[in-house]
Number of protein chains: 2
Amino acid sequence: MESFIRTAIIIERLSPSVDGGLFPVKVIVGETIKVRAAIFKDGHEIIKANIKLKKKKEDKWTYFPLHSTFNNEWEGEFTVNENDLFVYTVEAWFDPLGTWLDGTRKKCDAQMQVQSEVLEGVKLLKKLNEIISLEHENSLWRFVKLLELAEGDPEKVNKILTNQDFANLIEKNPLKFLLTTFEPELELWVERKKAEYSSWYEFFPRSQTDSVDKPGTLKSCIERLDYVKQLGFDVLYLPPIHPIGKTNRKGKNNSLIADENSPGSPWGIGSHEGGHKSIHPELGSFEDLEELRLAAEEKGIELALDIAIQCSPDHPYVKEHPEWFYQLPDGTIKYAENPPKKYQDIYPLDFNCEQAEALWHEMKDIFEFWISKGIKIFRVDNPHTKPFKFWEWVIREIKLKHPEVIFLAEAFTMPKPMQYLAKAGFTQSYTYFTWRNTKEELIEYMNELTKSEATLYFKGNFFANTPDILPKILQEGGKPAFEQRLILAATLNSNYGIFQGFEFCENKPIEAGSEEYLDSDKYEIKVRDFNSEPNLTNLISVVNSIRRDNQALHYYNNLEFYPSSNDNILCYGKRTSDNSNIIIVVINISPFQAHEDTVDLPLETFGLSDNATYEMVDLITNISYKWSGRKNYVRLDPGYQSAHIFKLVR
Amino acid sequence: MESFIRTAIIIERLSPSVDGGLFPVKVIVGETIKVRAAIFKDGHEIIKANIKLKKKKEDKWTYFPLHSTFNNEWEGEFTVNENDLFVYTVEAWFDPLGTWLDGTRKKCDAQMQVQSEVLEGVKLLKKLNEIISLEHENSLWRFVKLLELAEGDPEKVNKILTNQDFANLIEKNPLKFLLTTFEPELELWVERKKAEYSSWYEFFPRSQTDSVDKPGTLKSCIERLDYVKQLGFDVLYLPPIHPIGKTNRKGKNNSLIADENSPGSPWGIGSHEGGHKSIHPELGSFEDLEELRLAAEEKGIELALDIAIQCSPDHPYVKEHPEWFYQLPDGTIKYAENPPKKYQDIYPLDFNCEQAEALWHEMKDIFEFWISKGIKIFRVDNPHTKPFKFWEWVIREIKLKHPEVIFLAEAFTMPKPMQYLAKAGFTQSYTYFTWRNTKEELIEYMNELTKSEATLYFKGNFFANTPDILPKILQEGGKPAFEQRLILAATLNSNYGIFQGFEFCENKPIEAGSEEYLDSDKYEIKVRDFNSEPNLTNLISVVNSIRRDNQALHYYNNLEFYPSSNDNILCYGKRTSDNSNIIIVVINISPFQAHEDTVDLPLETFGLSDNATYEMVDLITNISYKWSGRKNYVRLDPGYQSAHIFKLVR
């Protein structure tokens, strides 16, 4: 029955916490974490409470005070400046000396004799002596002596009790009776800033060429880095760079029969030249990759690799580990299928096979291998088609050794599995952004992403297009649609990206009603004219430099929508918590016609009075507007300019 | 690494659940429990899922199907008809035969050859044979034979696969691959109906007399039972019936000095005549209690006793177990105090003392003792001043042996501790009802009580008055206030009660601004004139019989507010889920003047069209009104009738 004594204080409703501690909370290096809990006990004694924080792998706790607000709620906060896994919890205790001090003072004030109270206090102070630091010991004994000399006289005792040194002594050296600690300890992944603020550019290395006859290589990618830097991106993401299978290889435009020269899809991984730990010989060598990585880093660009866990029929695993695949009764290996469709160029792996343990470890080794080559960002292909528990295991294993690694989940699936992958460890996730076009859709989706409980673990990354998704609005809306979707992605979200070709407004689908690109990079070597028109490279450079220069755009959860009445005008802002940087976007989301509106800004939350006059600097055009009061008129013509990205200057 | 295979299916967000399973969910015998969970796995295979339910103390599970709705959500339900502690969870599995059947059918429909698929299916059917019941075995082998004979011909195979017997065979005999069970098992307290529907009457046994010189006894209580039954109550609650201490006994009107004849407060428990397991000799014997209990039960009235864990200085525990009390440095025992106030007639027990284990067990024995005397309802005095973990332990211990026992918490404290006591096991709780008077306050509070997550464990009991609470509105509002507060308590809540004297509109406070009664039963023997005016006995009888006759009023969570524009007119209803009983209350909550309003009923939810004509029978007056459409006019004059309790008749 020892336990009931130790749990005399109730600590509940501790936040932040994900599913009661089943999964880690994710925060960013330097972020201040506000902790809340309900803490109470029976009776009227004084409770005190701390937050306890430590690195998961270390033993030493750091303490931060909690203070009570009202309704038995307590609050406190701390900041973590290291990219690692931490744990935190809350401890609370009954403060017998504080309670005694408080009660005895009240009695003294009421002129009651306090002989017995002094005896109680002296007893407690002697207990305190057992734990007190040497420097305070003299002071403690002095007060004991004074209390004994006061002989219970209320005035004399009160004089001692109201001595600030005495209060400090007790405050600084708490006797923690009935110390209770909240269980379980809650995990806290402190991730590096790039988890929250990143600008991605995707291209196929083999397309970085000016001639189909001379496919691009890792070396030619190096030559393209200046262009990527000029655009202003800080992550360069390459589709799989492994050898590509020949058996059932797909041809141009995903045709079932490939001609001799078809290079194949980079996602048809594995040939006699190697598998997931090899580089396609036509792309180059590991030395080339190293050179590319270092050259990129020099320009402030990180390389991200694609990990797609699937095999072409020619993958070495097929011969070496047929037991990892789905085997048919006749002993052959089963293609991927979604009956009645068959995907004969792909063999999925059976993560629940008899030899799953070896398979899981080999898959982990693939990540470890590329980490050893200096890669710290992985875009993971279709993670929702592999067991969720595999991701939970593998990401934790990897991040415990390499906390800086970032995993982007390409999980176009239902909301709950998407969220679960984030709980399981994925740093960022693809989203439904490409299919959210109307004002209502955008506001609802952004609130879901940035205001719901999911923000404790889920961070979306807004790709305006991908090799698999050419959204309808880009097919139909021409250059204005590209401009609008770029600005929406880059300012609604601190993480965003585009796939090469976006800047040239490439928008031909393989067929009407399809979101697949015609002549996609996925199945051929694509040569682009970097001077083609229409061309968004200037706008992209400007938008990315606005992102860089304005801290308000570096946060994921600080989005606010402001009222406007026109359904085609969206107005929103992002601010730093101290209002030192206030960015306000007003955008016409129709590519087809001009719209005007009066937008209504909550000036008081910006620290301005409702009739203030202030400057709105359009960071795209560098034109400055004088606005006054909450309501101001805006007209946006997609033929000329679809959006303002304003910086508010007071 | 075995574990990752067993958890291939994700089951999360299981409800109902309290704090992720830390506390039991509470339901009522006969209630249908709707279970929801998010269930999904990687890939496209068919998932199936069950609810598993069993008594905590037994081993055998009962299964109820879950079906998927949308967005990876699954739903199912079950009903429990036994007052006991149950546990439930959810299991889900990958259905390989269902998945195979579905995929193979699609291929057959597409006219593809299915030789390999048939081989796969036969392999699965042979696995099924290992677990199938004997009666289905022949049928199974017949289908295997047929499939083999079909030789992969899509038409022939399809004919077998679309055979209803084959579908049934597979449906009824699931192969459960990757079977995953949600953890932890969630506890479910199935309580008897009285936990949800109860009408309480409180009186002091010693006041059941017609002369101060002849104090009431348990025997005289028997004579009062007809009156209680006539009023229509089904729980009779007695303040503590134990011997009362003499030392520092409080006198009339809580005076510090009691005269010779002062009977003392029943909460000053314990004298040389005994403590918490004794009956005050002046009240009678255990035989008398037994007689009272049986006589009450015969009239459909259950006895509820008060358990107040505190001692007078004369309690036998003080001598026998001084170690259970707070001892001062001089060896004496500490009074209860709230500095600078001292309560010298009460010694609190120290639940965290060195010998706490013995103390806790003795406190448990008090409950067990009265349970052995046939008592099944306890009103617990000030539970929030004893450790919450004590209640968690003692209520669980008792209810595991005596699931029928009901505990009412007299916890007038902050919301979170109140709710925690309910989580810890208290069946019902006192509430803030007495201090909720305005329309806004009542609606807000009722929504908090009946619509929030707390309804999973918390059930309030609305006492319109108590020996400690004579609310201001009763002091000022005269008879109309008593009528209104009675009807509010009895129709807003399925659990309610009054303390004797309410029916005679007793409303004199001990002093202006106090909620204490003048000449309270707590400190003297009180003789009442049962024919005094004003008198609410008729109205109370009517209201209680309306409650009995209308099932809609037997549920705690089915309250709905309906719009009305006058701030003094409150309109609300309670319905059975099949709309077979619809009660609508329209009440003027001002005791001071008549008010009129147009109330707006959501006829469509009652199964009526918006222009329907229907009958509204006022169950208080038995007058029937013809209403039509949603909006109807009402005028309520507190001088005449403050409220309608309508039954809607179509």
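Coordinates for the structure precede this section.
Residues numbered from 1 in each chain as written. Chains lettered and ligands numbered in written order. Predicted model: local features only at pLDDT ≥ 70, side-chain atom pairs only at ≥ 80, totals over all residues. Heavy atoms only, no water.

Brief notes about helix α4 (residues 134–150) of chain A
Residues and elements named next belong to chain A. Which entries qualify depends on this criterion: Elements are defined by DSSP. Helices are runs of H or I of four residues or more, strands are runs of E of two residues or more, and each kind is numbered from the N terminus. Expected helix span is computed as 1.5 Å times (number of residues minus one). A simple rule labels every residue: compare its accessible area, found with a 1.4 Å probe on the protein chains alone, to the largest value its type can have, and call it buried under 20%, exposed over 50%, or partly exposed in between. Arc definition: directions from the helix axis to the C-beta atoms. The criterion used for residue contact is that any of the two residues' heavy atoms lie within 4.5 Å.
For α4, which comprises 17 residues, the first-to-last C-alpha distance of 25 Å matches the rise-based estimate of 24 Å (1.5 Å per residue) to within 8%. All buried positions along α4 are accounted for by L140, F143, V144, L147 and A150. All buried residues of α4 lie within an arc of 125° about the axis, which places them on one face of the element. Summarising the geometry of α4, the exposed residues directed more than 90 degrees from the buried face are L134, N138 and L149. At its buried positions, α4 is contacted by α2 (96–109), α3 (115–129), α5 (154–161) and α6 (164–172).

Quick look at the environment of A:D350
Residues and elements named next belong to chain A. Applicable threshold: Between N or O atoms, a polar contact is any pair within 3.5 Å; within protein, one atom must be a potential hydrogen donor and the other a potential acceptor, and residues adjacent in sequence are included only when both atoms are from side chains.
Within the element layout of this structure, D350 appears in the loop between β14 (341–343) and α10 (356–372). Given the relative accessible area of 14%, D350 is considered buried. On a C-alpha basis, the gap between D350 and P387 in space is 9.7 Å, while along the polypeptide they are 37 residues apart. Those residues within four positions of D350 in sequence are excluded, and the remaining contacts are W324, F325, Y326 and L359. Among the polar contacts made by the side chain of D350, one reaches the main-chain amide nitrogen of N352 at a distance of 3.0 Å.

Re the interface of chain B and chain A
Heads up, the rule is: By convention, the term buried area covers the 1.4 Å-probe accessible surface removed from two parts as they join, with the contributions of both added. The salt bridge criterion pairs a side-chain nitrogen of Lys or Arg with a carboxyl oxygen of Asp or Glu, the two atoms within 4 Å.
Chain B puts 56 residues into the contact, and the matching count from chain A is 56 residues. Together chain B and chain A conceal approximately 4,900 Å² of surface at their shared face, both sides included; 63% is due to carbon and sulfur atoms. Our count for the chain B to chain A interface comes out at eight salt bridges. Between A:E120 and B:K334 there is a salt bridge, and its shortest N-O distance comes to 3.2 Å. Applying the counting criterion to the chain B and chain A interface returns 14 residue pairs in polar contact (both at pLDDT 80 or more). Secondary-structure elements contributing two or more residues to the side of chain B that touches chain A are α1 (3–6), β1 (10–15), β3 (32–40), α2 (96–109), α3 (115–129), α10 (356–372), α11 (388–401) and α12 (415–423) of chain B. Sorting elements by how many residues they give to the side of chain B that touches chain A places α12(B) first, with six residues.

Quick look at empty space enclosed by the protein
Heads up, the rule is: Cavities and pockets were defined on a 1 Å grid built over protein atoms only: a cavity is a set of grid points that admits a 1.4 Å probe from which the probe cannot escape, a pocket is an open set flanked by protein on both sides within 12 Å along at least five of seven lines, and lining residues are those with an atom within 4 Å of any such point. Grid points are joined across faces, edges and corners, and a volume is the space filled by probe spheres set on the points.
What the rule picks out here adds up to twelve cavities of 30 Å³ or more. The space that makes up the largest cavity amounts to roughly 160 Å³. Around the largest cavity, the lining is made up of 16 residues, and of these B:R206, B:I244, B:P266, B:H280 and B:L283 lie nearest the centre. Computed from the structure, the second largest cavity encloses a volume of approximately 100 Å³. Taken together, A:P415, A:M418, A:Q419, A:Y432, A:Y445, A:E448, A:L449, A:S452, A:A454 and A:F458 form the lining of the second largest cavity.

Observations regarding a negative patch on the surface
Residue and element names in this part refer to chain A. Which entries qualify depends on this criterion: The patch calculation keeps residues exceeding 30% relative accessible area without a salt bridge and links them within 9 Å when they carry like charges or within 5 Å when they are nonpolar (Val, Leu, Ile, Met, Phe, Trp, Tyr). Residue-level accessible areas treat just the shown protein chains as cover; the underlying method is Shrake-Rupley with a 1.4 Å probe. His is not counted, nor are the chain ends; Lys and Arg add positive charge and Asp and Glu add negative charge. Positions of charges follow a simple convention, taking NZ of Lys, CZ of Arg, CG of Asp or CD of Glu.
Together, E440, E441, E444, E448 and D567 make up a negatively charged patch on the protein surface. Looking at where D567 falls in the secondary structure, it is placed in the loop between β20 (559–562) and β21 (569–575). Accessibility expressed as a relative area gives 58% for D567, which makes it exposed.

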